[in-house]
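# Structural characterization, general
One-letter residues, chain by chain:
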Amino acid sequence: MSPDLRADVLRDALAATVWREVAVHDEVASTNDLLLADPRPWRVVTANHQTSGRGRLDRTWEAPPATSIALSCTLPLPADQARWGWVPLLVGVAVRRAVADLAGVQLALKWPNDLLALTSPDADWRKVAGILCTVAGGEAPVVVVGIGLNVHQGADQLPTQVSTSLRECGADVAREDLIACILRELIVVQRQWATSALDDDYRSACITIGQQVRLQTGAEGHLVGDAVGVDAVGRLLITTEGQTTAYAAGDVVHVRPTDGTPAPPTVESPAAIPPVGTAELDPADFVDAIEARLMGHPRSMRRSEISRASGISQAQTATMWRSLGFARARDDEVFFGEADLEALRRFDALVQDGLLDNPTALALTRAVGRSTDRMAMWSLQLIADMVSGDRGGIDSDVAQRTAALTVDLAERMSPLVDYVWRRNLSVAISRMIADSEPESHVGIVRTVGFADLVNFTQLVRRLSERELAQLVLRFESLASDIVGAHGGAIVKTVGDEVLFTHTAVEGAVDIAFDLRAAAEADDLVPTMRVGMARGRVLARLGDVYGTTVNRASRLTGAAKPGKIMVDQEVMDGLPDGAAVRVRRRKRVDLAGIGSTDAFVIERPPQ
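Only a predicted model underlies this, so the values are computations on that prediction, with no experimental measurement involved.

## So, the overall build of the protein chain
A count of helices and strands for the protein chain gives 16 helices and 22 strands. A total of 606 residues make up the protein chain; the buried ones form 43% of that total. For the protein chain, the exposed area adds up to about 31000 Å²; of that, 52% sits on carbon and sulfur atoms.

This is the structure we're talking about:
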C-alpha cells in the first residue's frame, strides 16, 4: 500500500456521505487548529504528517510521517448541553467500532476517550488511539473532534512504553480505509448522541469501570478509588471510603481491579469477518465471526456459567431461552456471550421489579421471539435477492456476501426496528382504548377480510423459485401499502392470502376494492377474490379468532374469481350513500357455519 495518503481514494469513499469537505495535506502543524479557525460542520482535515499534534492535558501526539492517522472533523453538537459530556465518550465508541471492523484486534475504551488494544491475549492493555474534543462556534456550536491513531509504527517508533500500534497487534490496514470507516461510524453515532441509546455501548466497552484507579485532578492533586460507573451526563463515578463522587474531567491511571470484586469480563473486540470469496474460508469460522459482530461479543460462557453470572437458576434461564424459540444449548457447549447475559438480566428485572409476573414475562418473550424470527428470515431473504441479482439462487458466494452486508446493516436498522415497534404499539394502544368504550364485552368488533390469489397452486407448479419469491413479495407489498393507506391492520400473510381487519366497514370495503384493482393492474399478481364479515373477534397473540373470522374465510372460498363477497353484517354497517353497488346472492352454505346470506359488492361505474 502507498506510504502517503491518497486523497482521491478517501474522497471517493466519502462521496455519498454528509461530509462536505475533505482536505488531505502532506504536512500540517495541527489538524485541529485548521478546523478551529473555521469550525463549520461536516468538514474533515487529515494529514500524512502532523508536526504539532496534541492530546488531552496539552500532551503532544508524535509519530513519524506516513505511520499514523492524524484526523480532525467537525460535527453538530446535541441541542441539550447535558449530553455534551457524552460526546467524547461516544466518539470513542465510533472509533472502536471502525478499528474493530477493519483490523480485527481486541479493543477496549479507557475513560474518558483513549482506545486501548492488546498485542496478544496475555499482554497488558496499551494505548493505540487518543481523542480530543473541543467545542467551537456560536449560535449553532459544533465539536471539533481530533483523533490520533497509531497504525504502522514499529515498537521503536512508539511514543511511550504503554503505547502500541495496529501493526504491533498484527493488523495491516490502509489508513484511507480506516479514516473512511471512522468517519462513517461518526455519522451513525452523531445521529444518536442526543439520546442515551449508545450510552450502554460505551459502558460495556469501558474497562475503567470495575478498576481501582488513580485520578489526577489538577490543583487538587490526585485521589485513589474504585471506578464504579459512568453517570447520565458522562462523568466517571469513583467510590472512596464509602462515598461516591462524579468527576467530569481528570487523568485516569488504572491501578488494579477492585479488592474483593471480580473485574469485569475481558472486553473482546468482535472477530473480523473473513474476506468474502476466500478460497479456504471455513464456514464455521465465518458464522462465528458473523455472530460475534452482530452480538458485540464472541461466545464465552456455558449454561452453568451464564446462570452463575446472572444469578438466575439454570432452569429459569433455559425456560427463557425456549420461550424465545432458540434451541437448547448442551451443558458443555460454550454457547452464550455478554449480550445473552445482559438479556437475561433485563428479563429477570422485569419480574423482580414487579413490572410483570413471570407467566406474562415469558409470554412477552415468546411474542418477541416469534415476530423477530420471521422478520429476520424475511429481511435476510430480501437482502439475498438483491445480492444475487439476475443470477438468482443462493450459492456460497451470495450467502457470504449477504451475511457480511446484513451485519453492516444491522446496526443502522436497529433504531428503525425500535421506532416501528413503538409506533405500532402506539397504534395498538389507541385501538385498545377505543375498543374499551362504551362496551366491555368479551371480544372486539371488527370487519375482517381475506384476500386470496386465485389458482395459486397451479402457479406454484409453473413458476421458478425466483419468480415465486417475486410474486409473494409483490403481493405482500401491495397488501401492506393498501391496508395501511386505509387505516386497516394486516393480521398475517400466508403466501397467497392476506388477513386484514378494520374498525370501520367503509374502510374495509375500500381496502377490498383497491386490492382487487391493484391485482388487475399488475402483470405479476394473478386475479384476486375477497371475502369479508363483520362481528366480534377475539384478539390474542397478534391474531384474531372466532366465528366472524371463520365466516370471512368461508365467504372468500365461495366467492368467484375477481369478486368480493360480504355478509349481512357488512351490508348493515355501510353508511347511507356509500358508493357501493350490491347484488344479493342466494343463501350460501358455508362449511362449519351453515346457510348464510351473502352479497357481492362492486364499485359503481365512474
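Having put the structure on the table, let's press on.
## Topic: the pattern of salt bridges
All chains considered together, the criterion is met by 25 salt bridges. The salt bridge involving Asp201 is made with Arg97; its shortest N-O contact spans 3.0 Å. Highlighted residues: Asp201 in helix α5 (residues 199-205) and Arg97 in helix α3 (residues 87-103), separated in sequence by 104 residues. Under the relative-accessibility criterion, Asp201 is labelled partly exposed at 32%. Where Glu602 meets Lys563, a salt bridge forms, and the shortest distance between an N and an O atom there is 3.5 Å. Taken together, the residues span a long stretch of sequence, with Glu602 in strand β22 (residues 598-602) and Lys563 in the loop between α15 (547-558) and β18 (564-567) at a distance of 39 residues.

## Points about the packing of aromatic side chains
Tallying each qualifying case throughout the model produces 3 aromatic pairs. Measuring from ring centre to ring centre gives 5.0 Å for Trp19 and Trp42, while their planes differ by 75 degrees; the resulting arrangement is edge-to-face. Pair noted here: Trp19 is in the loop between α1 (7-13) and β1 (21-28) and Trp42 is in the loop between α2 (31-36) and β2 (43-50), with a separation of 23 residues, a long-range link. Comparing Trp19 with Trp42 shows no difference in burial state: the two are buried.

## Notes on the packing of helix α13 (residues 465-485) against helix α14 (residues 505-521)
At a minimum axis distance of 10 Å, the contact between α13 and α14 shows a crossing angle of 150 degrees. On the basis of the axis angle, α13 is roughly antiparallel to α14. The chirality of how α13 crosses α14 is right-handed. In this structure, α13 uses Leu478, Ala479, Ile482 and Val483 to contact α14, whose residues at the interface are Ile511, Asp514, Leu515 and Ala518. The class makeup of the residues in the contact of α13 with α14 is 7 nonpolar, no polar and 1 charged.

## Let's talk about α15
Spanning 12 residues, α15 covers 16 Å between terminal C-alpha atoms, matching the ideal 16 Å at 1.5 Å per step. Every buried residue of α15 is listed here: Thr548, Val549, Arg551, Ala552, Leu555 and Thr556. An end-on view of α15 places all buried positions within 160 degrees of arc, on one side of the element. The exposed residues of α15 that point more than 90 degrees off its buried face are Thr547 and Gly557.

## With respect to unusual backbone geometry
Most peptide bonds are trans, and most residues other than glycine sit at a negative phi. With an omega of 0 degrees, the peptide bond running from Trp111 to Pro112 counts as cis. For Pro112, the position within the fold is in the loop between β4 (107-110) and β5 (114-117). Although it is not a glycine, Trp42 adopts a positive phi angle of roughly 65 degrees. Of note, Glu241 is a non-glycine position whose phi angle comes to about 55 degrees, a positive value. Position of Glu241 relative to the elements: it lies in the loop between β10 (236-240) and β11 (243-247). In this structure Glu241 comes out as exposed when scored by relative accessible area, which is 82%.

## Topic: the pairing of strand β15 (residues 497-502)
Consecutive residues of a regular strand have side chains that alternate between opposite faces of the sheet. The buried count for β15 comes to 5 of 6 residues, which makes it a mostly enclosed element. Pairing of strand β13 (residues 444-453) with β15, which is carried by 6 bridges, proceeds in the antiparallel orientation. Among the inter-strand pairings, Gly449 is bridged to a residue of β15, identified as Phe500. By the bridge criterion, 5 bridges tie strand β14 (residues 489-494) to β15 in an arrangement that is antiparallel. Note on β15: the bridge partner recorded for Lys492 is Leu499. Where β14 folds back onto β15 in an antiparallel hairpin, the turn is made up of 2 residues, including Gly495, whose phi is positive at roughly 65 degrees.

## Side note on the nonpolar core
Ranked by internal contacts, the top residues of the largest apolar core, which has 65 residues, are Trp19, Leu186 and Tyr202. In terms of residues, this core owes the most to one element, α3, which gives 11 residues. Ignoring any residue separated from it by four or fewer positions in sequence, one finds Tyr202 in contact with Trp86, Leu89, Leu90, Val93, Leu109, Lys110, Trp111, Pro112 and Val230. Grouped together as the second largest cluster of nonpolar side chains are 33 residues, Phe456, Leu459, Leu478 and Val525 included.

## Structural notes on a nonpolar patch on the surface
Side chains of Met375, Leu409, Met413, Leu416, Val417, Tyr419 and Val420 sit close together on the surface and give an oily, nonpolar patch of about 570 Å² of accessible area. Top contributing element to the nonpolar patch by residue count: helix α11 (residues 396-435), with 6 residues. With respect to the helices and strands, the residue Leu409 is situated in helix α11.

## Digging into the packing of helix α10 (residues 358-388) against α13
Their axes nearest at 12 Å, the elements α10 and α13 cross at an angle of 125 degrees. Compared by their axis directions, α10 and α13 come out oblique. The handedness of the crossing between α10 and α13 comes out as left-handed. Contact residues: α10 offers Arg374, Trp378, Leu382, Asp385 and Ser388, while α13 offers Arg466, Leu473 and Glu476. Of the residues contributing to the contact of α10 with α13, the split by class is 3 nonpolar, 1 polar and 4 charged.

## Focus: the sheet that holds strand β6 (residues 126-136)
Sheet strands line up and pair through hydrogen bonds in the backbone, either parallel or antiparallel. The 7 strands are arranged β1-β2-β3-β7-β6-β5-β4 in an open sheet whose pairing can be described as mixed. Both edges of this open sheet fall to β1 and β4, since each of them pairs with a single strand only. Neighbour to neighbour, the strand axes of the sheet diverge by 20 degrees on average, direction disregarded. Judged from the 9 bridges that link them, strand β3 (residues 68-76) and strand β7 (residues 142-150) form a sheet pairing that is antiparallel. Bridging from a neighbouring strand, Pro76 pairs with Val142 of β7. Set on the sheet, helix α4 (residues 175-190) makes contact with β2, β3 and β7; between it and β3 the angle comes to about 25 degrees.

## A look at the confidence of the model for the protein chain
Low pLDDT marks stretches whose predicted atomic positions should not be read closely. Confidence in the prediction of the protein chain, expressed as mean pLDDT, is 82, and 89% of residues score 70 or more. With pLDDT under 50 throughout, residues 256-271 is counted as low confidence; its partners more than four residues away or in other chains account for 40 contacts.

Reading the values: the criteria
- Residues numbered from 1 in each chain as written.
- Predicted model: local features only at pLDDT ≥ 70, side-chain atom pairs only at ≥ 80, totals over all residues.
- Heavy atoms only, no water.
- Helix = DSSP H or I, 4+ residues; strand = E, 2+ residues; numbered from the N terminus.
- Buried < 20%, exposed > 50% of the residue type's maximum accessible area, 1.4 Å probe, protein only.
- Areas by Shrake-Rupley, 256 points an atom, 1.4 Å probe, with all protein chains shown as cover.
- Salt bridge = Lys/Arg side-chain N within 4 Å of Asp/Glu carboxyl O.
- Phe/Tyr/Trp six-rings, centres within 6.5 Å; stacked < 30°, edge-to-face > 60°.
- Axes fitted to C-alpha atoms, helices over the stretch in contact; angles between N-to-C directions.
- Parallel < 35°, antiparallel > 145°, perpendicular 65-115°, else oblique.
- Left-handed = near helix turned anticlockwise from the far one by under 90°.
- Contact = heavy atoms within 4.5 Å.
- Nonpolar A, V, L, I, M, F, W, Y, C, P; charged D, E, K, R; others polar.
- Expected span 1.5 Å × (residues − 1).
- Arc of directions from axis to C-beta.
- Pairing = 2+ DSSP bridges.
- Core = buried A, V, L, I, M, F, W, Y, C linked by side-chain atoms within 4.5 Å.
- Patch = residues over 30% accessible without salt bridge, like charges linked within 9 Å, V, L, I, M, F, W, Y side chains within 5 Å.
- pLDDT = per-residue confidence, 0-100.

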